[in-house]
Amino acid sequence: MQAQIFLVDDDDDLREAVLDTFHKHKITARGFARAAEALEALDPEWPGVVLSDIRMPGMDGLAFQEEVKRLAPNVPVILFTGHGDVPVAVQAMRNGAFEFLEKPVHPDHLHQVVLRALKMRSLRVELTNLQHKARATLPLEERLVGRSKAMRFVRRDIQAVAPLQVDVLLWGQDGTGKTSAAQAIHDLSPNAAEEFVIVNCSAVSQDTIERTLFDEGGAVSRASGGTLHLQDIDALNDQLQAQLLRVFDGPNAPRVVASVCHKPEALLADGKLRSD
């Protein structure tokens, strides 16, 4: 079962005690001794909540909060410390922390705060899904706006390729609407009722991307029968690109709509994109 809480604390005894509290309340939680370890496991679409100590070796709680905000901006972060540091609390709240708690935290209070954070996260996920559904009902001309000849050709090509059971590679500079085009291809396809899953290959470390894609409950599994949008697929190394090829030939493989920001021919010549 996917964890609802990521708990980050370098104090082994305290971490285990808090995990036991969650377990008693039937809340699934996963513990980490270091912030960097939690970041490696973090998925931007994960419907959970992060709970982190402030004072930790290496990356502290504030720096960790900033990284979570960058990688998964809709994931709530709850911070706590045993130092009663009011300026740190103010800074954490200004940075968008969901809540700041001072150790020792009463288990019942912690439970209530976590429930509120999970509820907010659930509402955000639901809102995002509703927004996707609302956009799916719009005519293509309203989703990909533009009267130029180039935009008319883009809309024509999307309408032509969307019903086909083929993978697609989109090429365009940053900000040109590749994700909107990928979403339109999914929404106009026979698989529109299934999941549309996005993975930004350049925003996830090479150490983490394999788990993000292939672990149980990972992107490939969630997109099964639907569409997997791989942004900046050329950021994957040759080994991972080869591994993707094997997965996508399997049963219930997702349709792949990948994107790159540079000419595919140049990426092929530089060895950053496999020809197959």
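See the structure printed just above.
The rules behind each value
- Residues numbered from 1 in each chain as written.
- Predicted model: local features only at pLDDT ≥ 70, side-chain atom pairs only at ≥ 80, totals over all residues.
- Heavy atoms only, no water.
- Helix = DSSP H or I, 4+ residues; strand = E, 2+ residues; numbered from the N terminus.
- Contact = heavy atoms within 4.5 Å.
- Core = buried A, V, L, I, M, F, W, Y, C linked by side-chain atoms within 4.5 Å.
- Buried < 20%, exposed > 50% of the residue type's maximum accessible area, 1.4 Å probe, protein only.
- Phe/Tyr/Trp six-rings, centres within 6.5 Å; stacked < 30°, edge-to-face > 60°.
- Salt bridge = Lys/Arg side-chain N within 4 Å of Asp/Glu carboxyl O.

**Considering the environment of His 186**
Considering the arrangement of structural elements, one finds His 186 in helix α8 (residues 178-187). For the pair His 186 and Leu 71, spaced 115 residues apart in sequence, the C-alpha separation works out to 24 Å. In contact with His 186, not counting residues within four places along its chain, are Asn 191, Ala 192, Glu 194, Glu 195, Phe 196 and Thr 227.

**Thoughts on the nonpolar core**
Generally speaking, a soluble globular protein has its nonpolar side chains buried in company with each other. Counting 24 residues, the largest nonpolar core has Phe 64 and Leu 79 as the members making the most contacts within it. Of all the secondary structure elements, the ones that give two or more residues to this core are β1 (5-8), α2 (35-41), α3 (61-71), β4 (77-81) and α4 (86-94). Leaving out residues up to four positions away in the same chain, Phe 64 has contacts with Val 8, Ala 35, Ala 38, Leu 39, Val 50, Ser 52 and Met 59. Among the nonpolar cores identified, the runner-up in size contains 21 residues, and Val 204, Ala 223, Leu 236 and Leu 244 belong to it.

**What about the packing of aromatic side chains?**
Per the counting criterion, the structure on display carries two aromatic pairs. Between the aromatic rings of Phe 6 and Phe 32, the centroid separation amounts to 5.0 Å while the plane-to-plane angle is 65°, which identifies the pairing as edge-to-face. Residue Phe 6 is found in strand β1, and its partner Phe 32 is found in strand β2 (residues 29-32); the two are separated by 26 residues along the sequence. By relative accessible area, which is 5% here, Phe 6 ends up buried.

**Quick word on the pattern of salt bridges**
All told, the structure shown has 10 salt bridges when counted by the stated rule. The salt bridge partner of Glu 67 is Arg 70, with a shortest N-O separation of 2.9 Å. With a gap of three residues between them, Glu 67 and Arg 70 both fall in helix α3, about one helical turn apart. A relative accessible area of 25% places Glu 67 in the partly exposed class. According to the relative accessible area criterion, Arg 70 is exposed, its value standing at 53%.

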